[in-house]
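Close look at the chain arrangement
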Amino acid sequence: MVRNIWAVGRNYSAHAKELGNTAQTAESDPMIFLKAGSSVVQNGAVVTLPAFSKEVNFEAELAFRFGKDRRFSGLTIALDLTARDWQTKLKNQGHPWTLAKSFSNSCPLGPMIDLPPDLNLGDLRFTLKVNGELRQKGHSHDMVHSPEKLRAYVAERFPVCEGDLLLTGTPEGVGVLNPGDQLEAEIVGLVKATWTVRT
Ligand code: ZN
């Protein structure tokens, strides 16, 4: 089981803007939050939506696995599911996001691949389709903080364990999930994932 899922907020400017947030700059510290390791849903499985939220959003993200020496050892696609109604409420109260980000089933994960040694982390394209319709399209060169910068930042400050994940933020196009939705995500040429949504 995954122990820790380190995640970053507002790492794509166009997504920060669509939620009415100020975009981060490369000079600012990345905004890091945690998702429970036990919130993972494996590839091909059913994603059960939490009863307490009426607005669970999908956020497709590149997800890296930490290896022995806190270097990246693996790569997959993940969904950082977010109870947006609760996140807005918590943000307005100045409270942590845990309820909005770390509920059961909040981290659907694709099949993990070992990181190809010659892979250019600045040139990864990924997509999310909901019921066959393209909803999100991302490219790692649009990140405010690069995967390597995020890796170093998290590894230096937190008790990172082998097998932990790093979620690197979502591009624009996030939207609401509904029971019955069929989700297909991919990192072009590398990883394909599918999940089904239920209540
Ligand atoms: Zn996210």
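Preceding block: the structure.
The following paragraphs examine the structure supplied in this document. (Residues numbered from 1 in each chain as written. Predicted model: local features only at pLDDT ≥ 70, side-chain atom pairs only at ≥ 80, totals over all residues. Heavy atoms only, no water.)

Digging into the coordination of the zinc ion
Bound to the zinc ion are the protein donor atoms Glu59 (OE), Glu61 (OE) and Asp80 (OD), situated 2.0 to 2.1 Å from the metal. Donor residues for the zinc ion sit on one chain with the sequence pattern E-x1-E-x18-D. On the criterion of sequence distance, the pair formed by Glu61 in strand S6 (residues 60-66) and Asp80 in the loop between strand S7 (72-79) and strand S8 (82-83) is long-range, its members being 19 residues apart. Of the two residues, Glu61 and Asp80, both sit in the buried class. (Donors = N, O, S within 2.8 Å, 3.2 Å for Na, K, Ca; no water. Helix = DSSP H or I, 4+ residues; strand = E, 2+ residues; numbered from the N terminus. Buried < 20%, exposed > 50% of the residue type's maximum accessible area, 1.4 Å probe, protein only.)

Considerations on the pattern of salt bridges
Going through the model one piece at a time under the given rule, you end up with eight salt bridges. Put simply, Asp80 and Lys35 hold a salt bridge, and the shortest N to O gap is 2.6 Å. Here Lys35 lies in strand S2 (residues 31-36) and Asp80 lies in the loop between S7 and S8, a separation of 45 residues in the sequence. A relative accessible area of 2% means that Lys35 is categorised as buried. Across the pair Arg84 and Glu59 runs a salt bridge, and its minimum N-O distance is 2.7 Å. Taken together, the positions of Arg84 in helix H2 (residues 84-93) and Glu59 in the loop between strand S5 (56-58) and S6 put the pair 25 residues apart, joining distant regions of the chain. For Arg84, a relative accessible area of 6% translates into the label buried. Counted as one network, the salt bridges with shared partners bring together Lys35, Glu59, Asp80, Arg84 and Lys101. (Salt bridge = Lys/Arg side-chain N within 4 Å of Asp/Glu carboxyl O.)

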